[in-house]
Amino acid sequence: MAGNARETALLTLSACEKQGAWSDLALKKNIRKAGSDSRDAALATRLCFGVLQNRLLLDFYISKFSSIRLERIENRVLNAIRLGLYQMAFLTKVPVSAAVNESVELVKKYSKNPRSPALVNGILRALARNLDRLPTIPEGDPVVYLSIRYSHPEWLVRLFLDRLGVEETERLLAADNEEPATVLQVNALRREPEALLEELKGAGMDARPHPWLPGCLTLSGGGDLEALGPFQRGEVYVQDAGARLAVLAADPRPGMKVLDACAAPGGKSFAAAIAMGDEGEILSCDIHAHKKKLIEAGAARLGLGSIRAMVQDGKAFRPDQEGAFDLVLADVPCSGLGIIRKKPDIRYKDPEPLAGLPEVQSAILDNVARYVRPGGVLLYATCTLLERENEGVVSRFLAGRSDWRLEAFTLPGPVGRAEEGMVTLWPHIHGTDGFFVAKLRRQG
């Protein structure tokens, strides 16, 4: 069974590098294809995410014991070496011999080069003999050191260092490599959190109340959430605390008319509908037709009748919607660098296309602002930590607009009062995804 998990991890890692696949989606596909049980699926997930979270560090060590430059090693062969070293260095319950032998067997199956098994065997056995005295990461340049130590590319480390300094950046990068708990939001229209918590514990789940966010539970240890009775009965949905806080900042009320402009998969629409007691209207939009079906399925499962899903481009003006909404939510497409904990491969994506994101974000914000009635609220949000996509876009929007103001809001727990009307949520400070929220009110 363990061999099956390692094979699944190898195929997923290779798909991420060679085909640009997203790790979470590719992993689910390969787990289903392999017919893995829950234990095997959990190991495959840990192996895949563990290698991604430590890839630059693993490569640093491997390069010191390989006579061949890493970029010349076949993709699946290099990933088999990474898997073997990750198990030896990070998973102490896995015997070293098993880690080495399984990697060699994988290479025999997936490499056409007859020399590959010997290469993998030689490198991993050399690493195994030196696990207690692996090479020291050079500490002279903090960019280089932090990049290797926490496996974040140097361009990203520089951005965080410029904003946070060395100590805070190191804490953030370390948090990015931690395994976050799954956060469940309780559908208060169908179940009380206390009763739900007891049911989950009774089913053997490691469930706890969120430490500071009411109506929210955390689950540790993974498992198939969709198989749980409370999920099937529409009593819970998965949503990080950061996204939930964005809805709290927006403060939807019963009877409101709400537009969720970039809604898929629908979590903020669901949170708004529950906060409104399912009284009012929520138009939940996405540019992709298949995501409209996701929103509709989620709303139906949760029993939320106030939500209507629609295919709509956030950048394209709809005259019939001008001034029609009390509240517009704009959780815009972004670089996603606040959710590295959950999608560790985001850090390795090409940074060049990210430079154009503020233009897209500004275009959406400029457009959907026209849908807010005088006196209404526009909530801008992203799941990134880059100022150019966050404060930069908001400042650009406000420039020359006398009819819009940032509005202060208060959130629970360590977040507290956002006097300036904007807040950044940090994984290493708040324990949430990295998230940005700005609340704007139209005057009149």
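Conventions used here
Residues numbered from 1 in each chain as written. Predicted model: local features only at pLDDT ≥ 70, side-chain atom pairs only at ≥ 80, totals over all residues. Heavy atoms only, no water. Pairing = 2+ DSSP bridges. Helix = DSSP H or I, 4+ residues; strand = E, 2+ residues; numbered from the N terminus. Right-handed = clockwise from strand over helix to strand, strands pointing away. Axes fitted to C-alpha atoms, helices over the stretch in contact; angles between N-to-C directions. Buried < 20%, exposed > 50% of the residue type's maximum accessible area, 1.4 Å probe, protein only. Expected span 1.5 Å × (residues − 1). Contact = heavy atoms within 4.5 Å.

Enquirer: Got a minute to help me understand the pairing of strand E5 (residues 257-260) in this structure?
Expert: Here is the key point about a regular strand: its side chains alternate between the two faces of the sheet. Sheet topology note: the E5/strand E6 (residues 281-286) ladder contains four bridges and is parallel. Across the sheet, residue Val258 finds its bridge partner in E6, namely Ile282. The β-α-β motif built from E5, the intervening helix H13 (residues 267-275) and the parallel element E6 has right-handed crossover chirality. With three bridges joining them, E5 and strand E8 (residues 325-331) adopt parallel strand pairing. Bridged to Asp260 within E8 is Leu329.

Enquirer: Looking at this structure, how should I read the sheet that holds strand E4 (residues 236-238)?
Expert: Working definition: the strands of a sheet are paired by backbone hydrogen bonds and lie parallel or antiparallel to each other. Strand order in the open sheet made by the four strands is E2-E3-E1-E4, with antiparallel pairing throughout. For this open sheet the edge positions go to strand E2 (206-209) and E4, each flanked by a neighbour on one side alone. Across the sheet, the mean angle separating the axes of adjacent strands is 30 degrees when strand polarity is ignored. Here three bridges tie strand E1 (residues 182-186) to E4, and the two strands are oriented antiparallel to one another. Counted as the bridge partner of Gln185 is Tyr237 from E4.

Enquirer: Can you walk me through the pairing of strand E9 (residues 372-382) in this structure?
Expert: Across the 11 residues that make up E9, a large majority, nine, are buried. Bridge count for E8 against E9 is six bridges, and the pairing is parallel. Following the sheet pairing, Leu329 is matched in E9 by Leu379. A crossover links E8 with its parallel partner E9, the connecting element being helix H15 (residues 357-368), and its sense is right-handed. Both E9 and strand E14 (residues 435-442) contribute to a ladder of six bridges, which runs antiparallel. Considered in E14, the bridge of Leu379 is made with Lys439.

Enquirer: Just to check I follow, could you spell out unusual backbone geometry for this structure?
Expert: With the exception of glycine, the majority of residues adopt a negative phi angle, and the majority of peptide bonds are in the trans configuration. Here the bond from Ala264 into Pro265 is cis, since omega is 5 degrees, no more than 30 degrees from zero. Structurally, Pro265 is set in the loop between E5 and H13. A positive phi angle is found at Asp251, which is not glycine, with a value near 60 degrees. By secondary structure assignment, the location of Asp251 is in the loop between helix H12 (241-250) and E5. Despite not being glycine, Asp278 shows a phi value in the positive range, around 60 degrees. Residue position: Asp278 is located in the loop between H13 and E6. For Asp278, a relative accessible area of 22% gives the class partly exposed.

Enquirer: How should helix H9 (residues 154-176) be read in this particular structure?
Expert: Side chains that are three or four residues apart share a direction in an α-helix, a result of its 3.6 residues per turn. Here H9 spans only 15 Å end to end across 23 residues, well under the 33 Å set by a 1.5 Å rise per residue. All buried positions along H9 are accounted for by Leu156, Val157, Phe160, Leu161, Thr169, Leu172, Leu173, Ala175 and Asp176. Structurally, H9 contributes buried residues whose contacts are with helix H3 (38-53), helix H8 (142-150) and helix H17 (427-430).

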